[in-house]
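Structural overview
What follows is the residue order along each chain.
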Amino acid sequence: MFQVDIVEKCRQNDSKAQLKLYNQYCNGMLIVAQRFVKNTMEAEDVVQESFIKAFAKLEQYKAEVTFGAWLKRIVINISIDVLKSKKQRLLDLDEVQLKVVDEDDDWNVDSILTIDEVKVAIQQLPEKYKYVVMLYLIEGYDHQEISEILNISEVASRTQLSRGKTKLKELLNLDNNGTES
């Protein structure tokens with residue numbers, strides 16, 4: 001059964017198709033949710049809420065992107081909403097102080113670092129940088145998509161990414177050298 005067929009059957013409230021779609025994406029979406037909300041039970045709740053929302057709003061899915069990409073955006077938005085509701089507010093930068101930053105795609109890190117060490121360092125970033133870095137580096141979103149997800153301007157996304165990258169390099173340098181740079 002093709003994905004388009006499954007989605008169409010889901011639109012008709014076919015519970016078997018819904019279960020098939022759920023089973024196909026559940027584990028991947030749980031991993032995405034866990035990157036944002038650290039508590040496994042909360043991440044499971046985010047995934048459940050995301051599927052409920054996706055099935056309820058399925059008429060809005062236009063197949064311009066894969067169903068998985070559409071669902072992933074819902075998972076990320078709900079994850080961020082959960083964080084916000086827990087008073088872990090995203091800190092907005094004053095737009096007036098922002099300037100366009102030249103984007104440097106050099107994300108190379110010392111080859112002795114592991115992916116897990118980089119992920120731990122990302123979690124130590126201030127929240128205003130952490131989400132932009134996660135969405136850009138780990139989830140692969142561009143600045144336009146990040147600005148829509150976080151409800152910030154593209155300029156703010158670029159600036160927060162640049163500053164987050166600088167802070168991340170400092171953290172990784174601190175971990176490797178044992179001294180601040």
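Within any chain, residue numbers begin from 1 and follow the written order of that chain's sequence. Restriction of local features to residues with pLDDT of at least 70 applies here, the model being predicted, together with a cutoff of 80 or more for giving and counting side-chain atom pairs; totals for whole chains, interfaces and linings are based on all residues. Hydrogens and water are ignored here; the side-chain numbers use all heavy atoms of the structure.

Some points on the overall build of the chain
Definition in use: Helix numbering and strand numbering both begin at the N terminus, where a helix is a DSSP run of H or I of at least 4 residues and a strand a DSSP run of E of at least 2. Working definition: with a 1.4 Å probe on protein chains only, accessible area under 20% of the residue-type maximum means buried, over 50% means exposed, and in between means partly exposed. For this analysis, residues touch if any pair of their heavy atoms sits within 4.5 Å.
Broken down by element type, the chain carries eight helices and zero strands. Sequence-ordered secondary structure for the chain, helices as α and strands as β, is α-α-α-α-α-α-α-α. Within the span of the chain, comprising 181 residues, buried residues form 40% of the whole. The long-range share in the chain, meaning contacts at least 24 apart out of those at least 6 apart in sequence, stands at 67%.

Brief notes about the pattern of salt bridges
Stated precisely, the cut-off is as follows: Each reported salt bridge corresponds to a side-chain nitrogen of Lys or Arg within 4 Å of a carboxyl oxygen of Asp or Glu.
This structure, assessed with the given rule, holds five salt bridges. Across the pair Glu148 and Arg73 runs a salt bridge, and its minimum N-O distance is 3.7 Å. Remark: Arg73 occurs in helix H4 (residues 67-85) and Glu148 occurs in helix H7 (residues 143-150); sequence separation between them is 75 residues. You can call Glu148 partly exposed: its relative accessible area is 47%. Between Arg158 and Glu154 there is a salt bridge, and its shortest N-O distance comes to 4.0 Å.

Quick word on a negative patch on the surface
Put simply, the rule is: To count toward a patch, a residue needs a relative accessible area above 30% and no salt bridge. Like charges then connect within 9 Å, nonpolar side chains (Val, Leu, Ile, Met, Phe, Trp, Tyr) within 5 Å. Working definition of accessibility: Shrake-Rupley area with a 1.4 Å probe, residue cover restricted to the visible protein chains. When charges are counted, neither His nor the chain ends are considered; positive counts come from Lys and Arg and negative counts from Asp and Glu. Think of each charge as sitting on NZ of Lys, CZ of Arg, CG of Asp or CD of Glu.
Together, Glu44, Asp45, Glu49 and Asp81 make up a region of like negative charge exposed at the surface. The biggest single contributor to the negative patch is helix H3 (residues 40-56), with three residues. Note on placement: Glu49 falls in helix H3.

Regarding helix H5 (residues 115-124)
Structurally, the α-helix is built with 3.6 residues per turn, so residues lying three or four positions apart point the same way. In plain terms, the rule: In this description, one arc is meant: the one made by directions from the helix axis to the C-beta atoms.
Taken as a whole, H5 has its buried residues at Val118, Ala121 and Ile122. On an axial view of H5, the arc spanned by its buried residues comes to 105 degrees, and they lie on one face.

Describing the packing of H4 against H7
What counts here: In this description, a line fitted to the C-alpha atoms serves as the axis of each element, helices being fitted only across the stretch in contact, and the angle between N-to-C directions of two axes falls anywhere from 0 to 180 degrees. Here the angle decides the label: under 35 degrees means roughly parallel, over 145 means roughly antiparallel, 65 to 115 means roughly perpendicular, and every other value means oblique. For this scheme, ten residues count as nonpolar: Ala, Val, Leu, Ile, Met, Phe, Trp, Tyr, Cys and Pro. Four count as charged, namely Asp, Glu, Lys and Arg, and the remainder, Gly too, count as polar.
Where H4 contacts H7, the two axes come as close as 10 Å, and the packing angle between them is 45 degrees. Viewed along their axes, H4 and H7 adopt a mutual orientation that is oblique. Contact residues: H4 offers Arg73, Ile76, Asn77 and Ile80, while H7 offers Glu145, Glu148, Ile149 and Leu150. Among the residues forming the contact of H4 with H7, the class breakdown is four nonpolar, one polar and three charged.

Digging into unusual backbone geometry
Despite not being glycine, Asn13 shows a phi value in the positive range, around 60 degrees. Take Asn13: it is sitting in the loop between helix H1 (3-11) and helix H2 (15-36). Phi at Asn151 is positive, roughly 60 degrees, even though this residue is not glycine. Along the chain, Asn151 falls in the loop between H7 and helix H8 (154-177).

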